[in-house]
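For reference, the chains in residue letters:
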Amino acid sequence: MTANEIRESFKKFFEQKQHAIVPSAPMVIKDDPTLMFTNAGMNQWKDIILGTRDPEPRRRADTQKCLRVSGKHNDLEEVGHDTYHHTMFEMLGNWSFGDYFKEGAIDMAWEYLVDVLKLNPEDLYVTVFEGSPEENIPRDDEAAKYWAKHVPEDHIINGNKHDNFWEMGDTGPCGPCSEIHVDSRTPEQKAASGKTGRELVNQDDPQVIEIWNLVFMQFNRKADGSLEKLSMNVIDTGMGFERLVRMMQGKHSNYDTDVFQPIIKAEQDITGLKYMTFEESEHSENSEDSEQEKINIAMRVCADHLRAVAFSIADGQLPSNAKAGYVIRRILRRAVRYAYTFLGQKDGFLYKLIPTLVHEMGDAFPELKAQQTLITKVIKEEEDSFLRTLDKGINMLNEAMDQLKAEGKRQLDGVQAFRLFDTYGFPLDLTELICRENGFTVDEEQFNVEMQKQKERARNAAAVENSDWVNVCGDDIATTEQQFVGYDYTEYNCHILRYRKVTQKKNEFYELVLDATPFYGEMGGQVGDCGVLVNENETVEIIDTKRENNQSVHIVKQLPKAPSAEFMACVDTDKRNASAANHTATHLLDYALKQILGDHVEQKGSFVSPDTLRFDFSHFEKVSDEQLRQVERMVNDMIRQDIHIDEHRDVPFDEAKKLGAIALFGEKYGDKVRVVRFGPSCEFCGGIHATSTGRIGFFKIIAESSVAAGIRRIEATTGQDCEERLYQMEDILKNIKSFFNNAKDLQGVIQKYIEEHDHMKKEIEGFQAQAVERAAQRMVEKARMVNGVTVITTVLPMAPAAAKDLAFKVRAAVEGSLLCVIGSHDNNKPQLSIMMSDDMVSDHGLNAGQMVREAAKLIQGGGGGQPHFAQAGGKNVDGLSAAVDKVIELANL
Ligand code: ATP
Ligand code: MG
């Protein structure tokens, strides 16, 4: 079976088992402060599991793009060195939210692997949780009992808490899990090892690996560490697609399957180097640290990382120097290093593999195909810029090694190695490699100390502590879905459902969840509302609203004195209206950009606050002033038409598409969406908008710039801010006019002034040149002869550049040996210039640079230059004559 067929068979199987087949969520997570990337299939169901979203349909299945390069799951360092961990991979999963539990999950997994895919049951092992006496959790006998229906006892293995107890985080849903492992060793390997598959499960054997994990969520962990029963049992399973394909295709490395082979073939074609598959390696002399194995690892790294980077760009996360963008940049740089060091690729390489990737995966993931140009541009630009950095780093390392050599040392200190890592992205192994090639070692211990220090700094900066939610009204979290009324109201009667304390960098605040709220939580680039909760007894200020797990979370500095009382939740409408106008303006801007620049314009990010709006979009060159003006005219025209909002809530996704609404790549949409239309502009959007475009007032672009290769940014303002700017500009203009006697034709007058200024500048330069010429003549006439050397000294007021000019004029005018010393001053700043003929250097052994440094002490200054000409500046004008004399004395003629 091909990879594509296997993916389809999984979906078909679970569809037949009454599961709704749902799309993969984007790999990049935008609205969750606790997670940057999807690292498991369950991420997108977090709110259902936490009870804040309707669980229907209760059976679901999908294939989810995952990335494991940061946080709890970080496999980055393994990738390429082993053959079964990837940065980005697909996780096949099926879920039951309060429907079937352990027995159903186990039966279905078994049926799929053995009856449908025909994997050999003798090679399959399963694990069950052995229990934890300290926590008072018994062994998962239930799971073991259901497994025993399918496998013999000696294929069921007890597993510890690390492998067999899953937790969402420090707090929240958790429960035991059962993994399915496959013994994929060849018959020869089995015979040679003398060990059974059972003995190798969870022992890091590359041929006995986990492919599927079935998680049985049945507990909720509280902040004090204790467990309570979850109100709804959840099944969450995850199977590594690439690992499954490998088993199905009878391979022993994920990279030998049709998921990776086409990319690896392209790598071989470009580099002219050979990749060795598992079989080929088995039958060769090739040892683990041979040159060939380094090539193999590098090719695996590049093939893997290419996918991760391309998919994140398609999902809207570009490489950058902060947060998620930085994680992507690091992955890309890791690939560039391997290609540079082991595949001899000194120029961009990864971007050349993109056509193959798109050819192979573009059908299953249309976002790749649609954005091929952008992905290529971004990757190429990143590669080029990192290769330049790499060159700089190598130069720096070479200098450091020269220094060490001069000092007779053989070890690079760890602080320096860490600086290379931190600023040039040189990981320790690369620094070590280069050092080793030059006969040096690296102080690894010190490096690790520095690394640890940095990690601690980062941890302290980010540490957030959440205490448990305290329920105020109603105690069953699962039954209390929050009602959002903010599209229709800015004031609403409400009760606090629950609250918790959050501590961040010693700051304390509280988060409140209301039963019904008009407050918009920060989402989709629009900032959250602020306002107050009031009743006759008290007023509590809401300083911000965040969106978490499908609900608005209100941030307050202090808890209400009576949290269970009824409140009126009132949004600050000035700010809200200003944000809404800006949000509507971004929709009009998006529309106008597509009209003026073309259909390739794709939104790549936006930010909307009461004061400003920012819109990032794909476009491959600078937007010209004329185009910007056209865009502004079009937007302002739509504002004047005062188009009323046409809003559709809870529209099924497909119907919304039929309405012509624009969906964004990398955005997560539910089954039902909201569509916002202003005349011809029609978008999927959950944000707060102006009731009609006229409320925007006026729209003005403030700046257009580049944020990354292929991505432009427009910053703009609207309404009152535009008005203020207009007043400011008028005031400035008035001032300027007053400088020019309120001339009518201001432009013409300024133009004339500039021309006059240029003309005068030229004239002055001419006069100065003449003056220098005359001074040179006079000096030559007054020269003394000392032992056959023409000696000229003078002290005079003159600009530094003119003094230099003068020195060269004198030199040109004098034949034979010359020593000329000029002490000049300009605005009370002294300057010393020494000019000599070449024979004074070669025959008399003089050096103007050394002499000027010595003499400049008398003017409290310093300088230098060439052997025959040098200059020094200083602070003490009074010492100038003495300094000139000092030079003559030093010449010792
Ligand atoms: P392992 O111990 O092999 O790292 P895991 O315990 O981290 O696996 P889970 O978190 O249970 O794995 O993920 C579910 C499944 O996803 C695994 O059974 C495996 O098939 C697959 N998987 C996990 N990590 C990776 C990865 N980095 N690359 C490819 N597949 C993976
Ligand atoms: Mg793992």
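Residues numbered from 1 in each chain as written. Chains lettered and ligands numbered in written order. Predicted model: local features only at pLDDT ≥ 70, side-chain atom pairs only at ≥ 80, totals over all residues. Heavy atoms only, no water.

1. Let's talk about the overall build of the protein chain
Here comes step 1: Across its full length, the protein chain holds 27 helices and 37 strands.
Here comes step 2: Within the span of the protein chain, comprising 893 residues, buried residues form 50% of the whole.
Here comes step 3: Partitioning the intrachain contacts of the protein chain with sequence separation of at least 6 by distance along the chain shows that 68% fall at a separation of at least 24.
Here comes step 4: For the protein chain, the accessible surface area stands at approximately 42600 Å², while carbon and sulfur atoms represent 47% of it. (Helix = DSSP H or I, 4+ residues; strand = E, 2+ residues; numbered from the N terminus. Buried < 20%, exposed > 50% of the residue type's maximum accessible area, 1.4 Å probe, protein only. Contact = heavy atoms within 4.5 Å. Areas by Shrake-Rupley, 256 points an atom, 1.4 Å probe, with all protein chains shown as cover.)

2. So, the state of the cysteines
Here is the idea: a disulfide is a covalent bond, and it sits between the sulfur atoms of two cysteines.
Here comes step 1: Following the criterion strictly, the structure yields zero disulfides and no others.
Here comes step 2: No disulfide involves C177; its sulfur sits 11 Å from the nearest other cysteine sulfur, which is in C174.
Here comes step 3: Judged by its relative accessible area of 2%, C177 is buried.
Here comes step 4: With no disulfide partner, C682 has as its closest neighbouring cysteine sulfur the one in C685, 11 Å distant. (Disulfide = S-S within 2.5 Å.)

3. A closer look at the sheet that holds strand 31 (residues 711-718)
Here comes step 1: Judged by pairing direction, the sheet is antiparallel, and its four strands sit side by side in the order 25-26-31-30 without closing on themselves. Single-partner strands in this sheet number two, and they are strand 25 (603-608) and strand 30 (699-708). Sheet twist, expressed as the average angle between the axes of neighbouring strands with direction ignored, equals 15°.
Here comes step 2: Across the sheet, helix 19 (residues 573-597) lies against strand 25, strand 26 (613-618), strand 30 and strand 31, angled at about 30° from strand 26, the strand it touches most.
Here comes step 3: Where helix 20 (residues 625-640) meets the sheet, its contacts fall on strand 30 and strand 31, and the angle it forms with strand 30 comes to roughly 135°. (Pairing = 2+ DSSP bridges. Axes fitted to C-alpha atoms, helices over the stretch in contact; angles between N-to-C directions.)

4. Section: the pattern of salt bridges
Here comes step 1: As enumerated under the stated definition, the model contains 51 salt bridges in all.
Here comes step 2: In this structure, the salt-bridge partner of R307 is E242, at a minimum N-O distance of 3.0 Å. Here R307, found in helix 11 (residues 291-314), pairs with E242, found in helix 8 (residues 241-248); they are 65 residues apart in sequence, far enough to count as distant. The pair R307 / E242 is uniform in exposure class, with both members buried. (Salt bridge = Lys/Arg side-chain N within 4 Å of Asp/Glu carboxyl O.)

5. What to know about the pairing of strand 22 (residues 539-548)
Here comes step 1: With four bridges connecting them, strand 21 (residues 531-534) and strand 22 associate as antiparallel partners. Bridge pairing in strand 22 places L533 opposite V540.
Here comes step 2: Hairpin connection from strand 21 to strand 22: four residues lie between these consecutive antiparallel strands.
Here comes step 3: The hairpin turn running from strand 22 into strand 23 (residues 551-556), its antiparallel successor, is two residues long, and N549 in that turn takes a positive phi close to 50°.

6. Remarks on the sheet that holds strand 33 (residues 789-797)
Here comes step 1: With mixed pairing, the six strands of this open sheet are ordered in space as 32-33-34-35-37-36. One side of each edge strand has no neighbouring strand; the edge strands of this open sheet are strand 32 (784-786) and strand 36 (862-865). On average, each strand axis in the sheet is inclined to that of its neighbour by 20°, with strand direction left out of account.

7. Comments concerning the site of ligand 1
Here comes step 1: Close to ligand 1 lie 15 residues, the nearest being D75, H85, H86, E210 and N213.
Here comes step 2: Within the backbone of H86, a nitrogen or oxygen atom sits 2.8 Å from a nitrogen atom of ligand 1.
Here comes step 3: Considering ligand 1 on its own, with 580 Å² of exposed area, one finds that the protein chains cover 84% of that surface.
Here comes step 4: Within the residue set of the shell around ligand 1, elements represented by two or more residues are strand 5 (88-97), strand 10 (208-221) and strand 11 (227-240). (Near = heavy atom within 4 Å. Polar contact = N/O pair within 3.5 Å; in protein donor to acceptor, adjacent residues only side chain to side chain.)

8. A few points about the side chain of N213
Here comes step 1: Checked against the element boundaries, N213 lands in strand 10.
Here comes step 2: Setting aside its immediate chain neighbours within four residues, N213 contacts C177, S178, E179, D236, T237 and G238.

9. Quick word on a nonpolar patch on the surface
Here comes step 1: Taken together, L726, Y727 and M729 make up a surface patch of nonpolar side chains, about 330 Å² in accessible area.
Here comes step 2: We classify M729 as exposed; its relative accessible area is 54%. (Patch = residues over 30% accessible without salt bridge, like charges linked within 9 Å, V, L, I, M, F, W, Y side chains within 5 Å.)

10. Looking at unusual backbone geometry
Here comes step 1: Cis geometry marks the peptide bond from E56 to P57; its omega dihedral reads -15°.
Here comes step 2: Checked against the element boundaries, P57 lands in the loop between helix 2 (46-49) and strand 2 (59-67).
Here comes step 3: The backbone of Q860 sits at a positive phi, close to 55°, despite the residue not being glycine.

11. Side note on the packing of aromatic side chains
Here comes step 1: Applying the stated rule across the entire model yields 28 aromatic pairs.
Here comes step 2: Here F165 and F219 contribute two aromatic rings whose centre-to-centre distance is 6.4 Å and whose plane-to-plane angle is 25°, an arrangement assigned as stacked. Taken together, the residues F165 in strand 8 (residues 165-167) and F219 in strand 10 connect sequence positions 54 residues apart.
Here comes step 3: Taking 5.9 Å as the distance between ring centres and 45° as the angle between the ring planes, the aromatic pair formed by F653 and Y669 counts as tilted. Taken as a pair, F653 in helix 21 (residues 653-658) and Y669 in the loop between helix 21 and strand 28 (672-678) lie far apart in primary sequence, 16 residues in all.
Here comes step 4: The partly exposed category is assigned to F653, whose relative accessible area is 27%.
Here comes step 5: An aromatic cluster is built from F10, F13, F14, Y112 and W212, whose rings are joined through pairwise contacts.
Here comes step 6: The cationic tip of K346 hangs over the ring face of Y340; the distance from NZ or CZ to the ring centre is 4.1 Å. (Phe/Tyr/Trp six-rings, centres within 6.5 Å; stacked < 30°, edge-to-face > 60°. Lys NZ or Arg CZ within 6 Å of the ring centre and 35° of its normal.)

12. Notes on the nonpolar core
Here comes step 1: Ranked by internal contacts, the top residues of the largest apolar core, which has 122 residues, are Y112, L113, W147, W212, L244 and L350.
Here comes step 2: Here the element with the most residues in this core is helix 11; it accounts for 14 residues.
Here comes step 3: When sequence neighbours within four positions are dropped, the list of residues in contact with W147 reads I106, W110, V126, T127, V128, I156, S178, I180 and L214.
Here comes step 4: One finds A581, L613, V635 and I643 within the second-largest nonpolar core, a separate group that totals 26 residues. (Core = buried A, V, L, I, M, F, W, Y, C linked by side-chain atoms within 4.5 Å.)

13. Some remarks on the packing of helix 16 (residues 414-424) against helix 18 (residues 444-462)
Here comes step 1: In the contact formed by helix 16 and helix 18, the axes pass within 7 Å of each other and the chain directions differ by 50°. Considering the angle they form, helix 16 stands oblique to helix 18. Regarding helix 16 and helix 18, the two cross each other, and that crossing is right-handed. Taking contact as the criterion, the partners of G414, V415, A417, F418, F421 and D422 in helix 16 are, on helix 18, Q446, F447, E450, M451 and Q454.
Here comes step 2: Classifying every residue of the contact of helix 16 with helix 18 by side-chain character gives six nonpolar, three polar and two charged. (Parallel < 35°, antiparallel > 145°, perpendicular 65-115°, else oblique. Left-handed = near helix turned anticlockwise from the far one by under 90°. Nonpolar A, V, L, I, M, F, W, Y, C, P; charged D, E, K, R; others polar.)

14. A closer look at the environment of Q831
Here comes step 1: Looking at where Q831 falls in the secondary structure, it is placed in strand 35 (residues 829-836).
Here comes step 2: A relative accessible area of 13% places Q831 in the buried class.
Here comes step 3: Along the chain, Q831 and A856 lie 25 residues apart, while their C-alpha atoms are 8.6 Å from each other.
Here comes step 4: If sequence neighbours within four positions are ignored, Q831 has contacts with P800, I822, G823, S824, Q871, A872, G873 and L880.

15. Here's the deal with the environment of N582
Here comes step 1: Along the polypeptide, N582 turns up in helix 19.
Here comes step 2: A sequence separation of 179 residues divides N582 from K761, and the C-alpha atoms of the two residues are 49 Å apart.
Here comes step 3: Residues in contact with N582, not counting those within four places in the same chain, are V608, S609, P610, D611, T612, L613 and T718.

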